[in-house]
Amino acid sequence: WGLMLVLSVAIYGSHAPLLTLCKVDGMIPFSSASVVVLVELTKLGLLTWNRELLGVAVSWRHVAPFALSALLYAANNNLVVHMQLFMDPSTYQVLSNLKIVSTALLYSLFLRQRLSMRKWLALFLLVAAGVSYSCGGLQDPGSPSKMQLHITLVGLLLISVYCLISGLSAVYTEAILKTQALPLSLQNLFLYFFGVLLNLIGYFWNSAEGGFLEGFSSWVLVIVVSQALNGLIMSVVMKHSSNITRLFVISCSILVNALLSVTLFDLQLTLLFFVAVSCIGLAVHLYYGVT
C-alpha cells in the first residue's frame, strides 16, 4: 500500500511538469484526445496479462454500469477543455479544488459514510492547501507576484458542474467496484473498454487536421504509461480503500510538483507553498492520525 500510494503521488505530481516538457514554442503540439485514448488502450493492454480474467461468468448487468461511469469521466474531460474559454488557467486551478468538497459530500451521501467534524475540517484544509498553492506557491523570478483571476458567470456555472460531475464519477465508480462480486481486473476491463470507445468517438467528433500521433515525443510516451499505471492504482484504492484516500494522494502530489518545477524550470517556492504544505500535514494528522 505504501509503495502504491507513493508512486501515485509521484505520478500525479509529475504530470504538469511533463506536459511542460512536451511544449513546443509554448504550445502543446499534440491532441489531448489522442493521449486519453492511448492511456485507456494502455490500461487494457496491461490487463490482458492477468489470468484472473479467464473463466469468469458475467452478464450485461455487470457490464452496463461501467458505461455510465466511462461516460461521466469522458464528459468531465471534455468539460475541462471548454471551461478554458470562460476563465483563465489560474482561476481554473484555484476553483477546481472545490471538487474535494463535492467528492466528500457525495461520498458521505451515497456511500453512507458519516464523516466527523474533525474529518470535515481535514478535508477543508486540503481545499485550503490547493487554493494556496494555486494562488502562487511557485513563482517565476522574472514574473510579477500579483495574481490576476478572471471568470465569467458561464465559467462559474461550468466549474460548478465540473466539480459535481467529478465527485459523482468518482463516487459512482467506487460504489460499482465495491458492490460487484467480480475480480477488479475484470471490472477495469469493462470500464476501460467503454473509456476507449467513448474517447475514440470524441476524438473523431472533434478531430482537426493532423494525424493521431502528430506532435508526439518520448515525453508523451512517459505521460501515457504513467497515467495508465496511475489509473490502475486508483482503481485498487477505490476498490479497497476510498475516494477520500485518493483526495489525499492528489493533494500530497503538490510536493512532487513543486520539487520538479524548482529543479527543472528554476521556479521559486513562496510562502504560500509552505502554507499549503502545513495545511496538508495538519489534514493528514486530523484525518488519519488522531483517534
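All figures in this text were calculated on a predicted structure; none of them were measured in a lab.

1. A few points about the pattern of salt bridges
Now for step 1: Per the counting criterion, the structure on display carries two salt bridges.
Now for step 2: One salt bridge connects E40 with K43, and the closest N-O pair in it is separated by 3.2 Å. On the criterion of helical spacing, the pair formed by E40 and K43 is a turn pair, its members being three residues apart in helix α2 (residues 32–47).
Now for step 3: For K43, a relative accessible area of 9% puts it in the buried group.

2. What to know about the UniProt feature "transmembrane region" (unreviewed entry) in the protein
Now for step 1: As annotated in UniProt, the feature "transmembrane region" (unreviewed entry) corresponds to residues 94–111, 120–139, 151–177, 189–206, 218–237, 244–265 and 271–290 in the numbering used here.
Now for step 2: The span residues 94–111 is 78% helix and 0% strand, and its two end C-alpha atoms sit 27 Å from each other.
Now for step 3: Taken end to end, residues 244–265 is 100% helix and 0% strand, and its two terminal C-alpha atoms sit 31 Å from one another.

3. Comments concerning the side chain of T173
Now for step 1: By secondary structure assignment, the location of T173 is in helix α7 (residues 153–179).
Now for step 2: One polar contact links the side chain of T173 to the main-chain carbonyl oxygen of S169, over a distance of 2.7 Å.

4. Overview of the packing of helix α9 (residues 218–240) against helix α10 (residues 243–265)
Now for step 1: Between α9 and α10, the least distance of the axes is 7 Å, while the angle of their chain directions is 140 degrees. Taken as axis vectors, α9 and α10 run oblique relative to one another. Each of M234, V237 and M238 in α9 lies in contact with α10, whose residues at this interface are N243, T245, R246 and V249.
Now for step 2: A breakdown of the residues in the contact of α9 with α10 according to their chemical character gives four nonpolar, two polar and one charged.

5. A few points about the nonpolar core
Now for step 1: In this structure, L123, L126, Y133, I244 and F248 are the most contacted members of the largest nonpolar core, which totals 28 residues.
Now for step 2: Among the secondary structure elements, those contributing two or more residues to this core are α5 (99–110), α6 (117–134), α10 and α11 (271–289).
Now for step 3: It is α6 that contributes the most residues to this core, eight residues altogether.

What counts and how
Residues numbered from 1 in each chain as written. Predicted model: local features only at pLDDT ≥ 70, side-chain atom pairs only at ≥ 80, totals over all residues. Heavy atoms only, no water. Salt bridge = Lys/Arg side-chain N within 4 Å of Asp/Glu carboxyl O. Helix = DSSP H or I, 4+ residues; strand = E, 2+ residues; numbered from the N terminus. Buried < 20%, exposed > 50% of the residue type's maximum accessible area, 1.4 Å probe, protein only. UniProt positions renumbered as here; feature names shortened; annotations may be inferred. Polar contact = N/O pair within 3.5 Å; in protein donor to acceptor, adjacent residues only side chain to side chain. Axes fitted to C-alpha atoms, helices over the stretch in contact; angles between N-to-C directions. Parallel < 35°, antiparallel > 145°, perpendicular 65-115°, else oblique. Contact = heavy atoms within 4.5 Å. Nonpolar A, V, L, I, M, F, W, Y, C, P; charged D, E, K, R; others polar. Core = buried A, V, L, I, M, F, W, Y, C linked by side-chain atoms within 4.5 Å.

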